Structure formats: C-alpha cells, structure tokens
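Listed below are the residues making up each chain.
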Amino acid sequence: MVRPATNIFHWKPFSEIAMGPPGVTSKFFLWIDEVGGYLVCPQARVTVGHLDSREADVPISGDLESRHLTLMREDDLYVLEAHGPVCLNGRPVQRTILPERCVLELGNCVRLQFLRPHPLSASARLEFASGHRTVPSTEGILLMARNIILGPQDTSHVVCPTWKESVTLYWAGDALRCRGSGLLTVDGKAVRGEAMLSLTSHVEGAHWRFHLEPA
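Computed from a predicted model, the values in this text were never measured in an experiment.

## Comments concerning the overall build of the protein
1) Next: Looking only at helices and strands, one finds 0 helices and 20 strands in the protein.
2) Next: Within the protein, buried positions represent 49% of all 215 residues.
3) Next: In the protein, of all internal contacts separated by at least 6 residues, the share reaching a separation of at least 24 is 42%.
4) Next: Of the roughly 10300 Å² that the protein leaves accessible, carbon and sulfur atoms contribute 49%.

## A few points about the pattern of salt bridges
1) Next: Scanning the entire structure with this criterion turns up 5 salt bridges.
2) Next: Notably, a salt bridge pairs Arg209 with Asp33, separated by 2.7 Å at the nearest N-O pair. Pair noted here: Arg209 is in strand β20 (residues 209-214) and Asp33 is in the loop between β1 (28-32) and β2 (36-41), with a separation of 176 residues, a long-range link.
3) Next: For Asp33, a relative accessible area of 30% puts it in the partly exposed group.
4) Next: For Glu127, the salt bridge is made with Arg125, and the minimal N-O distance between the two is 2.8 Å.

## Things to note about the sheet that holds strand β5 (residues 69-74)
1) Next: Taken together, 5 strands build an open sheet; the order of strands is β4-β3-β5-β6-β9 and the sheet is mixed. With one partner strand each, in any of the chains shown, β4 (58-60) and β9 (95-97) form the two edges of the open sheet. Each strand axis lies, on average, 20 degrees off the axis of its neighbour in the sheet, ignoring direction.
2) Next: Pairing of strand β3 (residues 45-50) with β5, which is carried by 4 bridges, proceeds in the antiparallel orientation. Of the residues in β5, the one forming a bridge with Val46 is Leu71.

## Concerning the confidence of the model for the protein
1) Next: For the protein, the average pLDDT comes to 89, and 88% of its residues sit at 70 or higher.
2) Next: When the criterion is pLDDT under 50, residues 1-20 qualifies, and its contacts beyond four places in sequence or with other chains add up to 45 contacts.

## Some details on the packing of aromatic side chains
The description of an aromatic ring pair rests on the distance of the ring centres and on the angle between the ring planes.
1) Next: A full pass over the atoms with the stated rule returns 4 aromatic pairs.
2) Next: Judged by centre distance (5.4 Å) and plane angle (25 degrees), the rings of Phe29 and Trp31 are stacked. Neither Phe29 nor Trp31 differs from the other in exposure class; each is buried.
3) Next: Measuring from centroid to centroid gives 5.2 Å for Trp163 and Trp208, while their planes differ by 25 degrees, and the two rings are stacked.

## Digging into the environment of Thr96
1) Next: One can find Thr96 in strand β9.
2) Next: Given the relative accessible area of 0%, Thr96 is considered buried.
3) Next: As for Thr96 and Tyr78, which are separated by 18 residues in sequence, their C-alpha atoms are 8.6 Å apart.

## With respect to the pairing of β1
1) Next: Most of β1 is tucked away: 5 of the 5 residues are buried.
2) Next: Neither face of β1 is left uncovered, since the one carrying Phe28, Leu30 and Ile32 and the one carrying Phe29 and Trp31 both have all their residues buried.
3) Next: Between the antiparallel neighbours β1 and β2 lie 3 residues, among them Glu34 with a positive phi of about 65 degrees.
4) Next: Bridge analysis of β1 against β20 gives 5 bridges, and the strand direction is antiparallel.

## Thoughts on the environment of Asp63
1) Next: Residue position: Asp63 is located in the loop between β4 and β5.
2) Next: According to the relative accessible area criterion, Asp63 is exposed, its value standing at 63%.
3) Next: Residues Asp63 and Gly49, 14 residues apart in the sequence, show an inter-C-alpha distance of 9.0 Å.

Procedures and definitions
- Residues numbered from 1 in each chain as written.
- Predicted model: local features only at pLDDT ≥ 70, side-chain atom pairs only at ≥ 80, totals over all residues.
- Heavy atoms only, no water.
- Helix = DSSP H or I, 4+ residues; strand = E, 2+ residues; numbered from the N terminus.
- Buried < 20%, exposed > 50% of the residue type's maximum accessible area, 1.4 Å probe, protein only.
- Contact = heavy atoms within 4.5 Å.
- Areas by Shrake-Rupley, 256 points an atom, 1.4 Å probe, with all protein chains shown as cover.
- Salt bridge = Lys/Arg side-chain N within 4 Å of Asp/Glu carboxyl O.
- Pairing = 2+ DSSP bridges.
- Axes fitted to C-alpha atoms, helices over the stretch in contact; angles between N-to-C directions.
- pLDDT = per-residue confidence, 0-100.
- Phe/Tyr/Trp six-rings, centres within 6.5 Å; stacked < 30°, edge-to-face > 60°.

Now the structure itself:
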C-alpha cells in the first residue's frame, strides 16, 4: 500500500534519529557488470547537493544548493526536508513523508525517482529521471537500511535482468556481508553461500559479477 505524501509538523531532532547499523557511516560504490553503478549510502540521514559541496553526501552535477535536501529514514518511513526548491510529484514541499514511489524535482533541472521496491525492506533507490549524474557517473543512489537485494525480480533494489538468482548485501553488526546461492568467489577465494566483504571486494557467481569501491 502506497502511503500519501503527508506534510508533518512534529520532528525529531537529528540527534534522536536512528543512524543505521552501529559504526556504519562509509559510503561506497557498487559496480555491477552489465548493469551499472550505484552510490550506496548506509546513513539514515543523507543530504543531496551540488557537485562542489562539502556538505552533500550525494553531490550531483546540476544547478543545486550546497545542501538542497535531506532524506531521513525513521523506522520504515522516509522524511524529506527541503533546503532549496523541491517539488514532489509536481507539488512544492518543505517537509513531508515520502510515498513508496514518487518523482522529486530539485530546482529547475534535476529530477529523481524515489522508489522502495521491496515490501519487506526499508532500503530505497533514487534513480535519475533527468540527464544528471553523480561523479563518478552512476545510475542512481541506494539508501541502504539493513540490506539491499540484487536480482532479476522487479522487487530487487537493483534489477539485474540477466541474472538467474538473487544476491543480498546486508549488515551483520557493522560488518558488510553477502549471501547468495551456490558457490561464490570473493576476492579470489571460493566460499559457499555467504561471506564477509570489505569496501574493495570483488564478488563473482556463476553468471554475474560485481565489485565495491570506497566513495
């Protein structure tokens, strides 16, 4: 069920907002062969801004404020706070709860589609609906809560059309782990089913491959 984009007036201060898995603050890039790249943000509070901003967790090459908007994950909800002009599905907003699917317009040019594809995961995807990109160029941003799912299903956080199976990246405490079916090769070593990853890991299955890179 899609929640309406409702303006809210009672706000937790940032200090009271859960910041995701303990000790997890580092962004990283996820590069998937034959699919594309994504900037993964595990923080529960993510700020979007222009490319040269030191305040933006997600710098975008476009005509934006240095801090244009902040997205805050609270339990299974995402709250948007606008610092520059933002429209949600064509309607100007300042502070609102995001529906599970919507289009955000930042300023006069940058358009992002927000999507929570999996009903049992609080993770979400921001993908570009305009010609803008992060630097390095990616297909979009993954707002990672406890896990992200890569696979052929439409409910995957990253849809990999040619894959025959799903792979899950997830947090175990402050450690990043990978789970898939069958034999995996992680950083040149064969493992079965599940493995711990670093932010420089290369991971392969029978018909797929991806690697991580610190942002």
